[in-house]
Amino acid sequence: MDVSADIANQPVSAAPATAKRLEKLGIRRRFDLVLHLPLRYEDETHLYTIADAPYGQPVLVEGEVIASEVQFKPRRQLIVQIEDRTGTLVLRFIHFYPSQQKQLARGRRVRALGEVKRGFHGDEIIHPKIREVVAGEPLADHLTPIYPTVNGLTQPVLRRMIAAEVKVQNLADTLPADLKQRLDLADFGHAVRLLHSPTPEYSARDLTDPMLPAWQRLKFDELLAQQLSMRLAYRARRKGRAVPLVGTGTLRTRLAEQLPFALTGAQAKVLEEIDADLAKTHPMHRLLQGDVGSGKTIVAAMAALSAIEAGYQVALMAPTEILAEQHYLKLSGWLEPLGVKVVWLSGSLRKKQKAETIGEITDGSARLAVGTHALFQDDVAFARLGLAIVDEQHRFGVGQRLALKDKGGEAHQLMMSATPIPRTLAMSFYADLDVSVIDELPPGRTPIVTKLINANRRDEVIAFVRRTVAEGRQVYWVCPLIEESEALELQTAVDTHAVLSEELAPIEVGLVHGRMKSAEKADVMGRFSDNWLQVLVATTVIEVGVDVPNASLMVIEHAERMGLAQLHQLRGRVGRGAAKSSCVLLFETPLSEIAKARLKVIYENSDGFEIARQDLLIRGPGEFLGARQSGLPMLRFANLEEDIALLEEAKAFAPEMLKQHPTLAEAHLRRWLAGREHFLNA
Ligand code: ADP
Ligand code: MG
């Protein structure tokens, strides 16, 4: 390793308080300072006379303070008047420190930077940036970079630290020359120096243009580092060992004979892809994507049978108790008749029962274990885990995924998700996974009619519920999400249940919410499933996975509070049988712009992929991924929507770079991701 790499990765040397602030900005090692790039630029290279200073853009003027006083009406403020040979100008401060007052005392000479506006006192700048100067002091010879910062860390301090590092760090290029030429990318050192200390021919506007070659270069570098790390993670996994799981097919055939339906072409295709992976000697990491209702569960069951026939155990993990239980009921219904022991591990089991279940997992007699993340807690040790299936994988946090990784060891992993990952994200953050897509719904589904109804027309909705029940169908009624208070959310659900029971009598109305004991929940869901209950009032706990084909109407209260993925999931609870299904989205006015945009998207679209794409546009990828949940390092410079062309190039080039230029690839990764490795395999 060369010396420059060492100084790049040395921790920043700063007083503890400063170090802490830098840490908040993601700056830990010295090279991070080089990669901390300006948000914008201020122009202090040109001095305007007061008379000539134009409106509508930041300008720098210089003058002598001829008056300075604190006024109290209409509010406390500092009013300062400066003068040059062409005129006078007011500087107004609504927030100010005594030190500023001193700096702006009569007779001082200052430079003020800000936008001139016509004010009550004549032309004025509100809260200009002030610097005391001596007459004839030279102007800055380049634009002043303004960096993202945090409280307590001033621009000059940050700027000095950055400038010092830019000077001493090795900025040698990590991209091969022919690639730079082909993509017309700037030189790394040149790009970084230009952005930190621009040369005079660039205006502030030029320098914030994302198409500027210097920015393009940094975006590309960032995307390439991400692609390289994904490739490496992928390779490392391919080097790992796992037992090949090949079944005889007997159990599958018997299960297929039992089913009231045949697999769709799309299901059969993804099952083949999974089978091919399971037969290999390195662990599968496959993401099975399929829109809500596309039939992922049966695919998971078929995959499980291969592992079981090969003599191994399977774990199926779901994000909520209610969903884990549904899976348990469905899978035990399918597999127990074949002589396969299925167990359910729930946090709510009685102690003795739990110990028993854990015993069956440990001694290997349980062939399929279904549960929440409780499955991967410390006291659970699988005898021979061959395959771990994670349903609704995007709902799990990094911690849980890591626990699975430890426990799962060399097990094959099948992750399932109904939240489709938009193409750009699939290409970037999920690039180390193999993906299978169920791109067709089972036959006989009817499109769901979505209605947007103002909550003041609730009576019509009640009538609709009655008609639906009269036709022998069932109804979900989802209570509003109340983010601030779980207690309030619960209360609302209880109240709604009481009101609807009365309004709809003699129709039987049930209630299910997250605070109920598992047994109670199971009981209610069971009665709804068997049509003893015709209407089910629920909190958003039924968001994922719940499957009652006879339900044909979904009513969602306060739909404007919910996210698009959530609305799409909820709506997908209906439209599973042959009956014509509807989803009524009740909303309260006034609607925020975002809520309006979301409701329009869900109203106009039924395809989960398109909805996810729109969601990404409305929220941005960071939000979509849920930084907290994914734990993935967000992109700082590149933007997945705007920079798709660069992303494609980076993706295409990464494998070639690893093969042809391994030393450069290593240097590139070190430069961009050193110290962040722990994110990569999360
Ligand atoms: P999801 O992909 O949302 O998890 P499920 O696995 O819950 O979907 O399946 C939704 C419904 O479709 C279930 O009732 C399931 O039994 C049914 N189903 C699955 N595959 C088929 C098929 N090939 N033909 C008909 N119905 C199917
Ligand atoms: Mg499901």
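Residues numbered from 1 in each chain as written. Chains lettered and ligands numbered in written order. Predicted model: local features only at pLDDT ≥ 70, side-chain atom pairs only at ≥ 80, totals over all residues. Heavy atoms only, no water.

Looking at an unreviewed UniProt entry, one finds the protein named ATP-dependent DNA helicase RecG and attributed to Crenobacter cavernae. In its Sequence similarities (unreviewed entry) section, UniProt records this for the protein: "Belongs to the helicase family. RecG subfamily." (UniProt positions renumbered as here; feature names shortened; annotations may be inferred.)

Caption draft 1: Region of the structure containing the overall build of the protein. Each helix and strand counted, the protein has 27 helices and 23 strands in total. Taking all 682 residues of the protein together, the buried fraction comes to 51%. If you take every contact in the protein between residues at least 6 apart in sequence, the share linking residues at least 24 apart comes to 74%. Summed over all atoms, the accessible surface of the protein reaches about 31300 Å², with 52% contributed by carbon and sulfur. (Helix = DSSP H or I, 4+ residues; strand = E, 2+ residues; numbered from the N terminus. Buried < 20%, exposed > 50% of the residue type's maximum accessible area, 1.4 Å probe, protein only. Contact = heavy atoms within 4.5 Å. Areas by Shrake-Rupley, 256 points an atom, 1.4 Å probe, with all protein chains shown as cover.)

Caption draft 2: Geometry of the packing of aromatic side chains. Overall, the coordinates contain 6 aromatic pairs when judged by the stated rule. In this structure an aromatic cluster arises from ring pairing among W215, F637 and W672. For R384, the ring lying beneath its charged end belongs to Y312, and the centroid distance is 4.3 Å. Taking NZ or CZ as reference, R671 lies 4.1 Å from the ring centre of F188, over its face. (Phe/Tyr/Trp six-rings, centres within 6.5 Å; stacked < 30°, edge-to-face > 60°. Lys NZ or Arg CZ within 6 Å of the ring centre and 35° of its normal.)

Caption draft 3: Structural context of the site of ligand 1. Close to ligand 1 lie 17 residues; G293, K296, T297, R445 and D547 are nearest. One of the side-chain nitrogen or oxygen atoms of Q267 is found 2.8 Å away from a nitrogen atom of ligand 1. Here an oxygen atom of ligand 1 and a side-chain polar atom of K296 are 2.8 Å apart. Tallied by class, the residues present in the shell around ligand 1 amount to 5 nonpolar, 6 polar and 6 charged. (Near = heavy atom within 4 Å. Polar contact = N/O pair within 3.5 Å; in protein donor to acceptor, adjacent residues only side chain to side chain. Nonpolar A, V, L, I, M, F, W, Y, C, P; charged D, E, K, R; others polar.)

Caption draft 4: The arrangement of the pairing of strand β12 (residues 313-317) in detail. Where burial is concerned, most of β12 is hidden: 5 out of the 5 residues are buried. In β12, alternate side chains face the same way, and those of Q313, A315 and M317 on one face and V314 and L316 on the other are all buried. Summarising the sheet, β12 and strand β15 (residues 385-390) pair through 5 bridges and their orientation is parallel. Bridge pairing in β15 places Q313 opposite L385. Inspection of the sheet shows β12 paired to strand β14 (residues 368-371) by 4 bridges, in the parallel sense. Along β14, the bridge assignment pairs L316 with V370. (Pairing = 2+ DSSP bridges.)

Caption draft 5: Representation of the sheet that holds strand β19 (residues 474-478) within the structure. Here 6 strands make up an open sheet; going across it, the order is β18-β23-β22-β19-β21-β20 and the pairing parallel. Each edge of the open sheet carries a strand with a single partner, namely β18 (448-454) and β20 (509-512). This sheet shows a mean twist of 20 degrees between the axes of neighbouring strands, independent of strand direction. With 4 bridges joining them, strand β22 (residues 551-556) and strand β23 (residues 581-587) adopt parallel strand pairing. Following the sheet pairing, V555 is matched in β23 by V584. The sheet strands contacting helix α17 (residues 458-470) are β18, β19, β21 (535-538), β22 and β23, and the helix crosses β19 at an angle near 150 degrees. (Axes fitted to C-alpha atoms, helices over the stretch in contact; angles between N-to-C directions.)

Caption draft 6: Here's a closer look at the state of the cysteines. What the rule picks out here adds up to 0 disulfides. We note that C479 lacks a disulfide partner, and the nearest cysteine sulfur, in C583, lies 14 Å from it. (Disulfide = S-S within 2.5 Å.)

Caption draft 7: Layout of the domain arrangement of the protein. Taken as a whole, the protein is organised into domain 1 (46-139), domain 2 (250-438) and domain 3 (448-605). Between domain 1 and domain 2, the C-alpha centre-to-centre distance is 68 Å. (Domains from an automatic or database assignment.)

Caption draft 8: Structural detail: the side chain of T468. With respect to the helices and strands, T468 occurs in helix α17. Under the relative-accessibility criterion, T468 is labelled buried at 5%.

Caption draft 9: Main features of helix α22 (residues 608-619). Relative to the 16 Å expected for 12 residues at 1.5 Å per residue, α22 spans 16 Å between its end C-alpha atoms, a close match to the ideal helical length. Residues of α22 that are buried: G608, I611, A612, D615 and L616. The arc that holds every buried residue of α22, seen down its axis, measures 145 degrees, which confines them to one face. (Expected span 1.5 Å × (residues − 1). Arc of directions from axis to C-beta.)

Caption draft 10: Summary view of unusual backbone geometry. Of note, the bond from A505 into P506 is cis; its omega dihedral lies within 30 degrees of zero at 10 degrees. Tracing the backbone shows P506 in the loop between α18 (486-504) and β20. Residue P590 is reached from T589 by a cis peptide bond, and omega for that bond is -5 degrees. Following the sequence through the fold, P590 ends up in the loop between β23 and α21 (593-604). The phi angle at H127 is positive, at roughly 45 degrees, despite the residue not being glycine. With respect to the secondary-structure elements, H127 resides in the loop between β8 (122-126) and β9 (129-132). Phi angles above zero are rare outside glycine, and D184 is one such case at about 60 degrees.

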